[in-house]
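So the chains spell out like this:
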Amino acid sequence: MTPKEDDDRRAPAARRDFFKVLGSLGAGGVTAAFGLKVLGSRNLEAAPAPPPLAEPTGNVILRMQQDLERAISPGAAPSWLMVVDTRKCIGCDSCTVACRAENPAGPGGAFRRVIKKELPISARPWVIYKPANCLQCDDAPCMRAVPKDMMWKRSDGIVELDPGRLRGPYAQAAAQACPIHALHVDDGVTFTQDTPQPQAYESRTFVENGVAQSRKPELGAIAGAGRKCTFCSHLLDVGVLPACVSTCLGGAMYFGDANDKNSLVSEVTQGRRVFKGHQNQGLKPRVIYFEESMPGTPHIDCSACHS
Ligand code: SF4
Ligand code: SF4
Ligand code: SF4
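Bear in mind the structure is a predicted one, so any value in this text is a computation, not a measurement.

1. Considering the overall build of the protein
Along the protein, the regular secondary structure elements total ten helices and 14 strands. Here the protein holds 307 residues, and the buried ones make up 32% of them. For the protein, the share of sequence-separated contacts (at least 6 apart) that also reach a separation of at least 24 residues comes to 65%.

In structure tokens form, the structure reads like this:
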């Protein structure tokens, strides 16, 4: 199954229907049909004028690194927030590759994917890219689906799990409870296990959820365990930014302490219209998305496809 087919399979019926309708309409038809949901460029004047918004300047990675060091200093109490500037995501998937390198997952699962959707709203190709990983929900359905000692929320907001206990039917229950399919049950398979030369990097030891793990088949530790993004908690705890953030080629990812008014995430979200997915389910996500469009481009309202 291709990534595109996988995205389509996972898409809720309403979203699939939305894109099906878009596909059957021309640019004018789309604008007429969806009104303010999809604004043609000539309608931009009619849209509410956005307030002047802060854009990051200087070395953004260095700034976030300094924010991180302040956030984990003695006496600090960070509240992690991941912010995606969807205007800047170029769909390169570098973050997905970095995530896989940092958090070994097999071919059957991934902590992160970049959803790509083509929209027929312009004579030129028009694509939306939306990176997606665990939202670290403050009211997480996955946690509610299993006993309390299998999944927990850290004081900084990260949802972690016990890979030794969240296994089998419990891991399946947590996976099924997640509305964005951000948690999967590892099947223990590696990409190269049935090739003439299985690669050692696939069975290296790594730390996740605070414990050392390995994909070595003989250990059997990973197979059957629930797995998901942890905001790279093993890196954060030693003062290193999440792999997807430090790798982002488009400069589309921000990460930091929402409790720190001087942090970059606080600055770039100040007064900005952001999309917090699945709010109607009360998830309270810690991954949020810019909703503004670049000047002179059609505006796509996230709520056209999402709740
Ligand atoms: S996004 Fe899914 S896996 Fe992550 S905390 Fe929320 S419900 Fe759980
Ligand atoms: S924070 Fe870490 S685990 Fe989560 S998507 Fe980014 S690289 Fe993957
Ligand atoms: S690395 Fe950045 S620009 Fe590339 S797909 Fe990921 S979020 Fe988008």
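After that view of the structure, there is still more to cover.
2. Brief notes about the site of ligand 2
Among the 14 residues in the neighbourhood of ligand 2, the closest are listed as Cys-99, Cys-229, Cys-232, Pro-242 and Cys-244. Listed by contribution, the elements that provide at least two residues to the shell around ligand 2 are helix H5 (94-102) and helix H9 (243-247). Per element, the largest residue contribution to the shell around ligand 2 is three residues, and it comes from H5. Here the residues of the shell around ligand 2 are counted per class, giving nine nonpolar, three polar and two charged.

3. A few points about unusual backbone geometry
Located in the positive-phi region is Asn-209, a residue other than glycine, with phi close to 55 degrees. Positionally, Asn-209 belongs in the loop between strand E8 (205-208) and strand E9 (211-214). With 22 C-beta atoms counted inside 10 Å, the residue Asn-209 sits in the buried group. We note that Phe-231 has phi near 60 degrees; this positive angle belongs to a residue other than glycine. Looking at the element boundaries, Phe-231 is found in the loop between strand E10 (226-227) and helix H8 (233-236).

4. Remarks on the confidence of the model for the protein
Counting all residues, the mean pLDDT for the protein is 82, and 77% of those residues have values of 70 or more. In this model residues 1-46 is a low-confidence stretch, pLDDT under 50, and it forms 44 contacts with partners more than four residues away in sequence or in other chains.

5. Quick look at the sheet that holds strand E2 (residues 80-84)
Spatially, four strands are ordered E11-E2-E13-E12 in an open sheet, and the strand pairing comes out mixed. Sheet topology places strand E11 (253-257) and strand E12 (274-275) at the edges, where each strand pairs with a single neighbour. Of the pairings in the sheet, the one linking E2 to strand E13 (residues 287-290) comprises three bridges and is parallel in character. Residue pairing in the sheet places Val-84 in a bridge with Tyr-289 of E13.

6. Some remarks on the pairing of E8
Pairing between E8 and E9: four bridges, direction antiparallel. What sits directly across from Phe-206, in E9, is Gln-213. Between E8 and E9, which follow one another and run antiparallel, lie two residues, and Asn-209 among them has a positive phi close to 55 degrees.

7. Quick word on the nonpolar core
Considering soluble globular proteins, one finds that nonpolar side chains tend to be buried as a cluster. Membership of the largest hydrophobic core comes to 56 residues, with the highest contact counts inside it found for Val-84, Met-151, Leu-166, Ala-174, Met-253 and Phe-255. A total of five residues in this core trace back to one element, the largest contributor, which is E2. The residues touching Val-84, leaving out its near neighbours within four places in the chain, are Cys-89, Pro-131, Ala-252, Met-253, Val-287, Tyr-289 and Phe-290.

8. Observations regarding helix H4 (residues 60-71)
Compared with an ideal rise of 1.5 Å per residue, which puts twelve residues at 16 Å, H4 spans 16 Å between its outermost C-alpha atoms and is within 8% of the ideal. Residues Met-64, Asp-67, Leu-68 and Ala-71 constitute the buried set of H4. Axial view of H4: buried residues confined to an arc of 100 degrees, hence all on one face. H4 presents Leu-62 and Glu-69 as exposed residues on the side facing more than 90 degrees away from its buried surface. For H4, the elements touching its buried residues are H9, E11 and helix H10 (264-269).

9. Quick notes on the environment of His-181
Take His-181: it is sitting in the loop between helix H7 (168-177) and strand E7 (184-185). Among the residues examined, His-181 registers 15 C-beta atoms within 10 Å and is labelled partly exposed.

Rules behind the numbers
Residues numbered from 1 in each chain as written. Chains lettered and ligands numbered in written order. Predicted model: local features only at pLDDT ≥ 70, side-chain atom pairs only at ≥ 80, totals over all residues. Helix = DSSP H or I, 4+ residues; strand = E, 2+ residues; numbered from the N terminus. Buried ≥ 20, exposed ≤ 12 C-beta atoms within 10 Å, placed from the backbone. Contact = placed C-beta atoms within 7 Å. Near = placed C-beta within 6 Å. Nonpolar A, V, L, I, M, F, W, Y, C, P; charged D, E, K, R; others polar. pLDDT = per-residue confidence, 0-100. Pairing = 2+ DSSP bridges. Core = buried A, V, L, I, M, F, W, Y, C linked by C-beta atoms within 7 Å. Expected span 1.5 Å × (residues − 1). Arc of directions from axis to C-beta.

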